[in-house]
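A structural walkthrough
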Amino acid sequence: MGIYGNAAVFAAQMCCKDSNLSPLTAWINAIANFTESYESRTKNCPRGAFLGLCEVGAVSGIPRGCYNKTKKNKNKDYALTALNLLKEGASSNQGKLWNMVIGSGEKHQNGQMDVVISLWEAALLR
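Cut-offs used in this document
Residues numbered from 1 in each chain as written. Predicted model: local features only at pLDDT ≥ 70, side-chain atom pairs only at ≥ 80, totals over all residues. Heavy atoms only, no water. Disulfide = S-S within 2.5 Å. Buried < 20%, exposed > 50% of the residue type's maximum accessible area, 1.4 Å probe, protein only. Salt bridge = Lys/Arg side-chain N within 4 Å of Asp/Glu carboxyl O. Helix = DSSP H or I, 4+ residues; strand = E, 2+ residues; numbered from the N terminus.

**Structural notes on the state of the cysteines**
Where two cysteines share a covalent bond between their sulfur atoms, that bond is called a disulfide. This structure, assessed with the given rule, holds 0 disulfides. Free of any disulfide, C15 has its nearest neighbouring cysteine sulfur in C54, separated by 6.2 Å. The buried category is assigned to C15, whose relative accessible area is 4%. C45 carries a free sulfur, and the closest cysteine sulfur to it, the one in C54, is 16 Å from it.

Right, here's the structure in full:
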């Protein structure tokens with residue numbers, strides 16, 4: 001589990017403990033516990049994946065809602081595709097899962113799979 005996966009699990013756990021805490025605030029607080037890097041703290045890809053999963057009610061203990069600033073979020077789409085693949089029995093190897101999510105191409109993952117796999121392995125996804 002990398003910093004984004006750790007942050008996602010911690011943020012989900014914080015939301016479960018405090019139903020008044022928004023997933024975005026939980027993410028901001030959680031990521032600060034795992035890195036001092038401004039670039040890592042503000043990286044859109046893993047945050048968008050986490051918030052996208054929260055939006056559709058896929059994260060245990062977090063109700064459906066509008067948590068992303070934009071309606072169209074490719075990182076949400078990647079995360080939901082990865083979740084569906086995991087539910088179908090796909091490998092939880094980040095590289096293999098990412099290749100299944102995007103098919104062929106040169107696009108590199110940026111923490112989205114760390115978020116999904118970490119939440120999956122922590123049994124926080126439904």
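Next comes the rest of the account.
**Some thoughts on the pattern of salt bridges**
Per the stated rule, a full pass over the model turns up 2 salt bridges. K76 is paired through a salt bridge with E55; the nearest N and O atoms lie 2.9 Å apart. You can see K76 sitting in helix α5 (residues 74-87) and its partner E55 sitting in helix α4 (residues 44-55), a full 21 residues away along the chain. Judged by its relative accessible area of 17%, K76 is buried. With relative accessibility at 10%, the residue E55 sits in the buried group. Among the salt bridges present, the one from K72 reaches D77, with a minimum N-O distance of 2.8 Å. A residue is classified by how much of its surface remains accessible, and K72, at 65% relative accessible area, is exposed.

**Things to note about unusual backbone geometry**
Backbone geometry places A123, a non-glycine residue, at a positive phi of 60 degrees. Structurally, A123 can be placed in the segment after α7 (112-121).

Honestly, that's just the spatial picture; any functional story needs more than this.
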